[in-house]
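Residues per chain, in single letters:
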Amino acid sequence: MAAKQSTHDILTRLRSLDAKWLRVYWIDATASSKCRLIPMKRLYKTLESGKPLTISILQGALGMLPCDMLAPGFSATHTYNLHPDWSSLKRGPVKDHASCYGEFRQINGSDCVLCPRRLLRKTLEQAAASGLDFLIGFEIEFVALEKLPRGTVENGSKYRTISHDGHAWSTSRALAEWGRDDSIVSALDEMVDLLDAADIPVEQLHAESIPGQFEIIIESTAARHGFRVTLHPKPSPGLPGSASHAHMSVIKNNNRRHHTSAPPSHHIDEVEGEVYESFYAGILSHLPAIAAFTYANPASYERAVDSFWAGGRWVAWGTQNRETPLRKCEGAHWEFKALDGLANPYVAVAALLAAGCEGIARKTSLETWKDCEPDPARLEPDQRAALGITRELPKDLNQALEFLAADSTLEGLVGREFVQSYVDVKRAELAFLMPMADDERRQWLVERYQTRPIGDYGVLSATSQVCVET
């Protein structure tokens, strides 16, 4: 856990950012990013008086749909307090602004069991008590869409796919217009500068498969250059989709838990093979139910198809196999591919870690599933059975929620009250979205699910050592 900071240290850090506004963010069950803006003058006055900053938020905010309707079981009465986590404080995402994430608590200061950030914190604390820690890095993919002139609509949309001009995976020609003000690649330099200013180092940048698709972004920067970016898993039917693949390593705790804005040391004390194998076996054991958290939107299942470099639809793992949901990279470092940008990252990671730790506790054997080298979807049924590949991921969110309801073990690990609330919100979200025509629903989601605010994934380092790998 991050060390508690004194008021003096908090004020010193805030003043060093030279900002006029503080954004305090939270992410709800529908993965909508919300925030409140606090004038720095008011914040300084509050902290200098010896009082903590608390922001009163309607309790129903944790059960709100993206259209501002409340899911069943939530009401417009009573409030929580949103407490800033000062260890997540970053500069940006625009000039004169600073940002951090908040955790919901009851008015009396006790835990709010429906808070996604609290869920992840508790999961990590339990793992730490067992001597476990984690390194987690996300591949943050996005697609940039060109904004049409005001008042113009094409095929029912205010945005259109950027002209591809030969855009393809990792091609240098995708960067040919670097330096031209009206090109999306011209914004990339500024994006990297802003990430660097927020102490989020960038390791690599490359073009992905869809025209306008890259693996690094700051939404407000793209907007200044005249583009709309989206985390929609499948913004263009028939083309590859976008995801938020998670790279995970299971490491020994050794009482080294601390917050740092820089990536952890390259010296990683990994757990023994049988331990991390049981961890990933635990994830595979509960994967159909976990999908309710990682493929958390109807649109997620447009991308989650076989033979499309999307991790496929079979519960399986393979060494360097990108057609399995779990790809073994090296040692304890594995990649989880069944995750996209419409998932709440706190909830998704908490579910993965809880299932993995349960696998360690039970010493679940990875031998149930053999190392799969080919694409599982291209195997005959008897070939899959020989590899222990017998279960498929859900075909849609409804089925994923059914798998979650049937997995009482995972429900207990995540927390029954949280799971029930989450399911209620998701069913209400489905009832709102599914009557829409496919194109209408895609446009609606594109407009509302842009990229995460600066530090959204890196903020997990407030409760665990996390490396952002963009």
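These numbers come from a predicted model, not from an experiment.

## Observations regarding the overall build of the protein
Tallying secondary structure elements over the protein gives 14 helices and 14 strands in all. Taking all 470 residues of the protein together, the buried fraction comes to 58%. A sequence separation of at least 24 residues applies to 72% of the contacts in the protein between residues at least 6 apart. Carbon and sulfur atoms form 49% of the exposed surface of the protein, whose accessible area is close to 19,600 Å².

## Quick look at the packing of helix 7 (residues 287–294) against helix 9 (residues 345–362)
The N-to-C vectors of helix 7 and helix 9 enclose an angle of 160°; their axes lie 8 Å apart at closest approach. Overall, the two elements helix 7 and helix 9 adopt an arrangement that is roughly antiparallel. Remark: the crossing between helix 7 and helix 9 carries right-handed chirality. The segment helix 7 lies against helix 9, with I290, F293 and T294 engaging V347, A348, A351, L352 and A355. Here the residues of the contact of helix 7 with helix 9 are counted per class, giving 7 nonpolar, 1 polar and no charged.

## A short note on the nonpolar core
Soluble globular proteins: nonpolar side chains tend toward being buried together. Membership of the largest hydrophobic core comes to 101 residues, with the highest contact counts inside it found for L22, F134 and F336. Broken down by element, this core gets its largest block of residues, 11 residues, from helix 9. Once you skip the residues sitting within four places of it in the chain, L22 turns out to touch R36, L37, I38, M40, L43, L53, W86, L89, A98, S99 and C100. Counting 9 residues, the second largest nonpolar core, distinct from the first, contains A31, L231, A299 and M436.

## Re unusual backbone geometry
With omega at 15°, the peptide bond leading from G92 into P93 counts as cis. Assignment of secondary structure puts P93 in the loop between strand 4 (79–91) and strand 5 (97–105). Phi is positive for H78, which is not a glycine, with a value near 70°. Counting through the fold element by element, H78 comes out in the loop between strand 3 (55–58) and strand 4. Judged by relative accessible area, which is 58%, H78 ranks as exposed.

Cut-offs applied
- Residues numbered from 1 in each chain as written.
- Predicted model: local features only at pLDDT ≥ 70, side-chain atom pairs only at ≥ 80, totals over all residues.
- Heavy atoms only, no water.
- Helix = DSSP H or I, 4+ residues; strand = E, 2+ residues; numbered from the N terminus.
- Buried < 20%, exposed > 50% of the residue type's maximum accessible area, 1.4 Å probe, protein only.
- Contact = heavy atoms within 4.5 Å.
- Areas by Shrake-Rupley, 256 points an atom, 1.4 Å probe, with all protein chains shown as cover.
- Axes fitted to C-alpha atoms, helices over the stretch in contact; angles between N-to-C directions.
- Parallel < 35°, antiparallel > 145°, perpendicular 65-115°, else oblique.
- Left-handed = near helix turned anticlockwise from the far one by under 90°.
- Nonpolar A, V, L, I, M, F, W, Y, C, P; charged D, E, K, R; others polar.
- Core = buried A, V, L, I, M, F, W, Y, C linked by side-chain atoms within 4.5 Å.

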